[in-house]
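Read off the chains here:
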Amino acid sequence: MSDSSAHPGDPHYVTRSNWLRAAVLGANDGIVSVSSLIVGVAAANAGQDAVIIAGVAGLGAGAMSMAEGEYVSVSSQSDIENADIAREEQALSDFPEDELAELAQIYRERGLSDETARIVAKELTAHDALGAHVRDELGIVDEQSANPLQAAFTSAVTFSIAAAIPVLAAWLAPASSIIPVTLFVTVLALAALGALGAKVGAAPLLRPTLRVVGWGVFAMAVTAGIGSLFGVSV
Ligand SMILES: [Zn+2]
């Protein structure tokens, strides 16, 4: 995208959305799933060592499944996009007139007059026919196309770093208060993550922060409940 922005001091953030989404998803998942695991195992009256082992195992397993999940989902997304682009390329060579009319129709629907729409369609087709159809008909823009490896790496790394927070909290906490310490540290970490995600995306702070913290606390409450059931039965 050219940097001829009309407001260079206040840029758009949509180009950040892919890695930001993978990073926030990875970090959020890391904190919530591992802290819930730790609280659940601690609520089942397991010893501190067992709790930490469960946390570290959850960190490793979670990071791998995040990476695999992101890689597979982003790869299938780009497979679909590439198949659509190939179909479009074929249609352009088989039915150039129909494709030109289709492009002009898209511009008419966007508000151009008949004549202007035909001129724009003709000029863009002459300049880069496939590019115009991919962007304006299929809605695929380069900046939004995610790289599977980058997405996998981003979410695995952010998952691991984030999941290390509740593991460290459980490790440093006195054996008698693993649950309250992990809960407290996790809520703080989730609030920071919510605020950071909003800040990087230049979105308002409060709602994303409350959303992240709310779901995190809910997840921990559920697993603590399940854990305490086991604790009572053990
Ligand atoms: Zn087309």
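Refer to the preceding data block for the structure.
Each chain carries its own residue numbering, running from 1 in the written order of its sequence. Restriction of local features to residues with pLDDT of at least 70 applies here, the model being predicted, together with a cutoff of 80 or more for giving and counting side-chain atom pairs; totals for whole chains, interfaces and linings are based on all residues. Computation of side-chain values: all heavy atoms of the structure, hydrogens and water removed.

Caption draft 1: Structural view of a nonpolar patch on the surface. Residues with no salt bridge and a relative accessible area higher than 30% make up the patches, which join like charges within 9 Å and nonpolar side chains (Val, Leu, Ile, Met, Phe, Trp, Tyr) within 5 Å. Computed with the Shrake-Rupley method and a 1.4 Å probe, the accessible areas treat only the protein chains shown as cover for residues. Each reported salt bridge corresponds to a side-chain nitrogen of Lys or Arg within 4 Å of a carboxyl oxygen of Asp or Glu. The grouping of Trp215, Phe218, Val222, Ile226, Leu229 and Phe230 at the surface amounts to a nonpolar patch, some 690 Å² of accessible area in total. Overall, Val222 belongs to the partly exposed group, its relative accessible area being 40%. Each residue's exposure class comes from its accessible area (1.4 Å probe, protein chains only) as a fraction of the maximum for that residue type: buried when under 20%, exposed when over 50%, partly exposed otherwise.

Caption draft 2: Layout of the pattern of salt bridges. The tally for this structure, following the rule as stated, stands at four salt bridges. For Asp114, the salt bridge identified is with Arg108, shortest N-O distance 3.8 Å. Judged by relative accessible area, Asp114 falls into the partly exposed class, the value being 46%. Between Arg110 and Asp136 there is a salt bridge, with the nearest N and O atoms lying 3.3 Å from each other. Of this pair, Arg110 sits in the loop between helix H3 (96-109) and helix H4 (114-136) while Asp136 sits in helix H4; the two residues are 26 residues apart in sequence, bridging distant segments of the chain. The network of salt bridges with shared partners includes Arg110, Arg135 and Asp136. By the criteria applied, helices consist of DSSP H or I runs no shorter than four residues and strands consist of E runs no shorter than two, each listed in order from the N terminus.

Caption draft 3: Representation of the nonpolar core within the structure. By size, the foremost hydrophobic cluster in this structure holds eleven residues: Val34, Ile38, Ala42, Val51, Ala63, Met66, Phe159, Ala163, Val167, Ala170 and Ile178. At the level of elements, helix H1 (17-43), helix H2 (48-94) and helix H5 (148-172) are the ones that each hand at least two residues to this core. The element contributing the most residues to this core is H5, with four residues. Whether two residues touch is decided by their heavy atoms; if any such pair falls within 4.5 Å, the residues are in contact. Residue contacts for Ile178: discarding those within four places in its chain leaves Ile38, Ala42, Gln48, Val51, Ala170 and Ala173. What is meant by a nonpolar core is a set of buried Ala, Val, Leu, Ile, Met, Phe, Trp, Tyr and Cys residues, joined one to another through side-chain atoms within 4.5 Å.

Interpretation in functional terms is not warranted from these geometric data alone.
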